[in-house]
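Residue-level listing of the chains:
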Amino acid sequence: MYIAIITGASSGMGRKCGEILADKLRKADEIWLIARRERAMTELAHSLPKSKREKIRIIEGDLTEDAAFERISEMLSEKKPKILFLVNAAGFGKIGCTEELCEKIQSDMIRLNVEALVRLTRICLPYMADRVGRIINFASAAAFLPQPGFAVYAASKSFVLSFSEALNYELRHREISVTAVCPGPVKTEFFDLAEEFEEIALYKKLVIAKPEKVVKKALRDSVRRRPVSVYGISMKGLRIISRILPHRLVFKVMSAADKKDRRQ
Ligand SMILES: NC(=O)c1ccc[n+]([C@@H]2O[C@H](COP(=O)([O-])OP(=O)(O)OC[C@H]3O[C@@H](n4cnc5c(N)ncnc54)[C@H](OP(=O)(O)O)[C@@H]3O)[C@@H](O)[C@H]2O)c1
């Protein structure tokens, strides 16, 4: 039995991945959707034609808790599927300085963005289909350089980028490829949570992307076995700048742009 597994499938880019893979991945017998909000995933299933809807398996679970992993492990060992796509899209970020954000929010960000992603990947590895299997990990353009005011989130995404590139190399003997997706701001529910205490800079809102465009590029890049997927010219530019310029200089430019935006 061939399957695809998608976390963060109740919203935003994970949901979009679920829709596209359920529609286009003909070889998959089942598409496993994972998130806490069961109703949102049921709505996704109902938005699909009947033949595709029947493939959907909904796994309601909190990926910061052991129970979700125990359930997924049991399902995998019972069905022994071959995984064509594993998409790790569950993640969240809170904008705010480290000394102001509460400790629980910071550790939850690390648990979901880092620990859950590694844990699920590790659980799935024995079942990944050799030669054709693809892993897509949602990092962020925030992975390219440290981000004062979004420090823990950016660091968690640097982890995802580093881990994904290394794993991609480790898995080459099985011809399984890993793609780290590194978008800039994308119009999803992400900002409902991220901006609870502080808004993102206005200049970031100017480059906000549509989720379907980021996801389509991510899936294309994954099929082409690209280790990193970056959508849009501005984020490609940021990636280059972050490698050339000293980070302190980039921080100064970003903070000046932020202050100018707030004065306008
Ligand atoms: N939007 C952006 O600007 C942006 C930019 C760069 C990178 N990213 C990254 O892209 C990925 C997708 O983000 P998005 O923009 O699509 O955000 P989103 O619309 O807020 O979706 C986040 C998903 O994560 C799930 N999730 C959150 N906490 C969870 C938990 N404890 N257990 C299980 N699932 C959980 C949510 O489902 P439930 O609430 O139902 O559990 C939801 O399906 C994230 O990793 C994010 O960091 C986003």
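Residues numbered from 1 in each chain as written. Predicted model: local features only at pLDDT ≥ 70, side-chain atom pairs only at ≥ 80, totals over all residues. Heavy atoms only, no water.

A look at the overall build of the chain
Counting secondary structure elements, the chain contains eleven helices and seven strands. A compact globule built from 264 residues should have a C-alpha radius of gyration of about 18 Å, and the chain, at 18 Å, falls within 12% of that. A total of 264 residues make up the chain; the buried ones form 51% of that total. Pairs at least 24 apart in sequence give 74% of the contacts found in the chain among residues at least 6 apart. Taken as a whole, the chain presents about 13,600 Å² of accessible surface, with 53% of it coming from carbon and sulfur. Of the side chains in the chain, 47 bear a positive and 33 a negative charge, and the two mean positions are spaced by 9 Å. (Helix = DSSP H or I, 4+ residues; strand = E, 2+ residues; numbered from the N terminus. Rg over C-alpha atoms; globule rule 2.2 N^0.38 Å. Buried < 20%, exposed > 50% of the residue type's maximum accessible area, 1.4 Å probe, protein only. Contact = heavy atoms within 4.5 Å. Areas by Shrake-Rupley, 256 points an atom, 1.4 Å probe, with all protein chains shown as cover. Lys, Arg positive; Asp, Glu negative; His and termini not counted. Charge placed at Lys NZ, Arg CZ, Asp CG, Glu CD.)

A short note on the packing of aromatic side chains
For the coordinates displayed, the defined rule picks out four aromatic pairs. When the centroid spacing of 4.5 Å and the interplanar angle of 20 degrees are considered together, the rings of Phe 150 and Tyr 153 count as stacked. When its relative accessible area of 10% is taken as the criterion, Phe 150 is described as buried. By relative accessible area, which is 7% here, Tyr 153 ends up buried. (Phe/Tyr/Trp six-rings, centres within 6.5 Å; stacked < 30°, edge-to-face > 60°.)

Focus: the environment of Arg 36
Structurally, Arg 36 is set in the loop between β2 (30-35) and α2 (38-46). Its relative accessible area of 57% is what places Arg 36 among the exposed residues. C-alpha separation for the pair Arg 36 and Arg 225, spaced 189 residues apart in sequence, amounts to 30 Å. Once residues within four sequence positions are removed from consideration, Arg 36 is found in contact with Glu 60, Gly 61 and Asp 62.

Topic: empty space enclosed by the protein
For the coordinates displayed, the defined rule picks out two cavities of 30 Å³ or more. Empty space within the largest cavity amounts to approximately 40 Å³. Around the largest cavity, the lining residues are Thr 7, Leu 63, Asn 88, Ala 89, Ala 90, Leu 112, Ala 116 and Leu 117. Residues belonging to the lining of the largest cavity are distributed by class as follows: six nonpolar, two polar and no charged. In this structure, the second largest cavity spans a volume of roughly 30 Å³. Lining the second largest cavity are Lys 94, Gly 96, Cys 97, Thr 98, Leu 101, Gln 106, Phe 150, Ala 151, Val 152 and Tyr 153. Residue contributions to the lining of the second largest cavity peak at three residues, all from helix α6 (residues 151-170). Residues of the lining of the second largest cavity, tallied by class, amount to six nonpolar, three polar and one charged. (1 Å grid on protein atoms, 1.4 Å probe; cavity = no way out; pocket = protein on both sides within 12 Å on 5 of 7 lines; lining within 4 Å. Points joined across faces, edges and corners; volume = space filled by probe spheres on them. Nonpolar A, V, L, I, M, F, W, Y, C, P; charged D, E, K, R; others polar.)

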